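# Structural description and commentary
Residue strings, one per chain:
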Amino acid sequence: MRDRLSALDERSGEVFRRIVESYLDSGEPLGSRSLSRLLPMSLSPASVRNVMSDLEDLGLIYSPHVSAGRLPTQIGLRFFVDAFMQVGNLSAEDRASIDRQVRRGDRDRPVEQLFNEASQVLSGMSRGAGLVITAKNDPVLKHVEFMRLAPTKALAVLVGEHDQVENRIIELPAGVTSSQLTEAANFLNAHLAGQTLAEVRGQLQKVKETVRTELDVLSQDLVERGLASWSGGDAEDKNPTQLIVRGRANLLEGLAGAEDIDRLRMLFDDLEKKDSMIELLSLAETGPGVRIFIGSENKLFSLSGSSLIVAPYRDGDDRIIGAVGVIGPTRLNYARIVPMVDYTAQLMSRLSR
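First, a word on what this report is: a plain description of the structure on this page. Every chain is numbered independently, its residues counted from 1 as its sequence is written. Per-residue local features are limited, in this predicted model, to residues with pLDDT of at least 70; the limit for side-chain atom pairs, both in listing and counting, is 80 or more; totals at the level of whole chains, interfaces and linings are taken over all residues. The basis for every side-chain value is the complete set of heavy atoms in the structure, and neither hydrogens nor water enter the calculation.

### A look at the overall build of the chain
Think of it this way: any DSSP run of H or I at least four residues long counts as a helix, any run of E at least two long counts as a strand, and we number them from the N terminus. Helix and strand content of the chain: 13 helices and 10 strands. Sorting the 353 residues of the chain into buried and exposed places 45% on the buried side. We call two residues in contact when some of their heavy atoms are within 4.5 Å. Counted over contacts in the chain with a minimum sequence separation of 6, partners at least 24 positions apart contribute 62%. Accessible area for the chain stands at about 17,800 Å²; split by element, carbon and sulfur atoms hold 48% of it. Type-normalised accessible area, obtained with a 1.4 Å probe on protein chains alone, sets the label of each residue: buried when under 20%, exposed when over 50%, and partly exposed for intermediate values. Only the protein chains shown count as covering a residue, and every accessible area follows the Shrake-Rupley method with a 1.4 Å probe.

Structure representation (structure tokens):
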């Protein structure tokens, strides 16, 4: 990168910058005749073509078609971001918009609503897809009930302190009666209410010992099944993270053909994979502040050729507990989105403490 920078004089640097800025603005190639009219110095179209040829030799631009204008390569975009892009402060208008839409206000409001608002505001302001990755909320238990669905199945209903409800279907021990369902629910409510699932996991063995002395055999089995269903027993819950994405429709804008649609399909497939959530968080953790991944630099979305701008947010102990970001085509408005993502991550950190 340093070699490429040293190879650019003022004239070639200006030509390169104009090509990239035109691409970020319109997505279209910029020809030598149009470019010669934009430059602050006097250069003929023929001279501009000579400069373009030198930039192509450096791997910074390319021609998508014979006799077409030039577009930046992925290397060129990275070079532009590192050497030319000026990231200013977030505008007062953008800051106010984020503050207005992402706010905790009522401390009893479910935190999931905060995540939805953060992803929504990033999507609306960036014209890309806004995303938030976070650990699944670990609610404080308020109430537990068992409802029989069939002779050998029951619906376990878990109610959190903010009235969020989670349902799990569990297998019943043979011969369980309705009174035993009630007895098991009463036991759980008496011993586990007011604790988080993480705390329940820590006390699971202790509770089992108590079960043996207070309940009959069938009710013991039922309580243990109910506990297991909420204690991380599922194989799918080894990495309890969730990914919230808003604004996918924005990614449909400006698609040029079948190749773009195929890339978008690959991106959507990647976003649906659980491994993607874990990888997103690790990307945010590997460096301070906002990180920019362009095209294949990001292994997660390399096939779709998408760019990702992501930043972590932290809890009161300064631990990284999630990440916020924007994903979209490589011609995102990086200079505007970087401070937007950075400010949203800082706001999420404050609201998570």
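So, next bit.
### Description of the packing of helix α6 (residues 92-101) against helix α13 (residues 334-351)
Comment: axis = line fitted to C-alpha atoms, over the contacting stretch for helices; angle = value between 0 and 180 degrees taken between N-to-C directions. Where α6 meets α13, the closest approach of the two axes is 11 Å, and the angle between their N-to-C directions is 35 degrees. Along this stretch, α6 crosses α13, giving a crossing that reads as right-handed. Between α6 and α13, the contacting residues are D94, R95, I98 and D99 on the first element and R336, M340, Y343, T344 and L347 on the second. Here the contact of α6 with α13 is built from residues that sort into four nonpolar, one polar and four charged. Each crossing gets its handedness from the near helix: less than a right angle anticlockwise from the far helix is left-handed, clockwise is right-handed. Lys, Arg, Asp and Glu make up the charged group, whereas Ala, Val, Leu, Ile, Met, Phe, Trp, Tyr, Cys and Pro make up the nonpolar group; the residues left over, Gly among them, are polar.

### Considerations on the packing of helix α2 (residues 10-26) against helix α4 (residues 45-57)
Close contact between α2 and α4 brings their axes to 10 Å; oriented N to C, the two are set at 80 degrees. Compared by their axis directions, α2 and α4 come out roughly perpendicular. Between α2 and α4, the residues in contact are R11, S12, V15, F16 and I19 and V51, M52 and L55, respectively. Residues of the contact of α2 with α4, tallied by class, amount to six nonpolar, one polar and one charged. Oblique is the label for every angle not falling under 35 degrees (roughly parallel), over 145 degrees (roughly antiparallel), or within 65 to 115 degrees (roughly perpendicular).

### Topic: unusual backbone geometry
In this structure, R127 is a non-glycine residue whose phi angle is positive, near 65 degrees. Structurally, R127 can be placed in the loop between α7 (111-126) and β3 (129-135).

### Structural notes on the sheet that holds strand β6 (residues 165-171)
Pairing in this open sheet of three strands is antiparallel, and the strands run β4-β5-β6 from one edge to the other. What marks the edges here is a single partner per strand, and that holds for β4 (141-150) and β6. Across the sheet, the mean angle separating the axes of adjacent strands is 20 degrees when strand polarity is ignored. Bridging between strand β5 (residues 153-160) and β6 involves seven bridges; their strand directions are antiparallel. Paired with L158 across the strands is E166, a residue of β6. The pairing criterion is simple: DSSP has to find at least two bridges between the two strands.

### Comments concerning the packing of aromatic side chains
Each Phe, Tyr or Trp ring, with Trp reduced to its six-membered ring, pairs with another whose centre is within 6.5 Å; inter-plane angles below 30 degrees give stacked pairs, above 60 give edge-to-face pairs, and intermediate values give tilted ones. For the coordinates displayed, the defined rule picks out four aromatic pairs. Their ring planes at 45 degrees and their centres at 5.6 Å tell us that F16 and F79 sit as a pair that is tilted. Residue F16 is located in helix α2, and its partner F79 is located in helix α5 (residues 74-83); the two are separated by 63 residues in the primary sequence. Residue F16 is classed as buried on the basis of its relative accessible area of 0%. In this structure F79 comes out as buried when scored by relative accessible area, which is 1%. Here the aromatic rings of F79 and F84 are separated by 5.8 Å at their centres, their planes lie at 75 degrees, and the arrangement is edge-to-face. Taken together, the aromatic side chains of F16, F79, F80 and F84 make up a single cluster linked through ring pairs.

### What about the nonpolar core?
To form a nonpolar core, buried Ala, Val, Leu, Ile, Met, Phe, Trp, Tyr and Cys residues must be joined to one another through side-chain atoms within 4.5 Å. Residues I98, V102, Y334 and M348 are the most contacted members of the largest nonpolar core, which totals 52 residues. Those elements giving two or more residues to this core turn out to be α2, α4, α5, α7, β9 (307-314), β10 (320-328) and α13. Ranked by the residues each element gives to this core, the list is headed by α13, at 10 residues. Listed in part, the 18 residues of the second largest apolar core include L271, L283, L300 and A323.

### A look at the side chain of R70
On the secondary structure map, R70 appears in the loop between β1 (61-62) and β2 (71-72). Here the side chain of R70 touches E56 through a polar contact of 2.9 Å, side chain to side chain. With sequence-adjacent residues up to four places away left out, R70 is seen in contact with I19, P29, L30, M52, E56, I61, Y62 and S63. Under this definition, polar contacts are N or O atom pairs within 3.5 Å; protein pairs additionally need one hydrogen-donor-capable and one acceptor-capable atom, and for neighbouring residues in sequence, both atoms have to be side-chain atoms.

### Points about the environment of D221
Residue placement: D221 occurs in helix α10 (residues 217-230). The class for D221 is partly exposed, based on a relative accessible area of 27%.

### Some words on the pattern of salt bridges
Whenever a carboxyl oxygen of Asp or Glu lies within 4 Å of a side-chain nitrogen of Lys or Arg, that contact is scored as a salt bridge. Scanning all chains against the criterion turns up 10 salt bridges. Here E21 and R17 are joined by a salt bridge, their closest N and O atoms 2.8 Å apart. One end of the pair, E21, and the other, R17, are both in helix α2, four residues apart, so they sit about a helical turn from each other. Here R17 falls in the partly exposed class, since its relative accessible area comes to 23%. We note a salt bridge from E56 to R70, for which the minimum N-O separation is 2.9 Å.

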